[in-house]
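Next come the chains, spelled out residue by residue.
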Amino acid sequence: MSGLFRTDPVTGEPMLSADGMALLFGVPADEIRAHAREHGNSPDAIPDAWARQGRRRAAEARAATGDDSMHAALMYYAQQTSEGADQ
């Protein structure tokens, strides 16, 4: 799970890593990294399509887990991803 977060070098606060964002948005982490290099890390820089997909995935995780926290969604999609890798 530690790979899903990183520490902001300026504030020292924990932040989602590209891998964590990939789970929540359903977008490859490399695409997220490339987008951040070009457009920055501001939440306003997130493409609308990613935000819509993230909301859909959040609703799916909430329906599956009964929990609407970001942590629950991360764990839900991490489990889905690892189960898919096992097949």
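Here, the structure is the one placed above.
In this report, the structure presented in the accompanying data block is examined. (Residues numbered from 1 in each chain as written. Predicted model: local features only at pLDDT ≥ 70, side-chain atom pairs only at ≥ 80, totals over all residues. Heavy atoms only, no water.)

Digging into the layout of surface pockets
In this approach, a probe sized like a water molecule rolls over the atoms, and the result shows the empty space that is left. Approximately 340 Å³ is the volume found for the largest pocket. Forming the boundary of the largest pocket are 17 residues, of which Arg6, Leu16, Met21, Ala36 and Asn41 lie nearest the centre. Put simply, the parts of the chain that give the lining of the largest pocket at least two residues each are strand E2 (14–16), helix H1 (18–25) and helix H2 (29–39). Sorting elements by how many residues they give to the lining of the largest pocket places H2 first, with 4 residues. Partitioning the lining of the largest pocket into residue classes produces 10 nonpolar, 5 polar and 2 charged. Size it by volume and the second largest pocket reaches roughly 210 Å³. Together, 15 residues line the second largest pocket, and Leu24, Gly54, Ala58, Met70 and Ala73 are the ones closest to its centre. When contributions to the lining of the second largest pocket are tallied by element, the ones reaching two or more residues are H1, helix H3 (48–65) and helix H4 (70–86). (1 Å grid on protein atoms, 1.4 Å probe; cavity = no way out; pocket = protein on both sides within 12 Å on 5 of 7 lines; lining within 4 Å. Points joined across faces, edges and corners; volume = space filled by probe spheres on them. Helix = DSSP H or I, 4+ residues; strand = E, 2+ residues; numbered from the N terminus. Nonpolar A, V, L, I, M, F, W, Y, C, P; charged D, E, K, R; others polar.)

Considerations on H2
Every buried residue of H2 is listed here: Ala29, Ile32 and His35. Down the axis of H2, the sector holding all buried residues measures 120 degrees, keeping them to one side. Facing away from the buried surface of H2 by more than 90 degrees, the exposed residues are Asp30, Arg37 and Glu38. Those residues of H2 hidden inside the fold are in contact with H1 and H3. Gly40 occupies a position one or two residues after H2 and carries a positive phi of about 90 degrees. (Buried < 20%, exposed > 50% of the residue type's maximum accessible area, 1.4 Å probe, protein only. Arc of directions from axis to C-beta. Contact = heavy atoms within 4.5 Å.)

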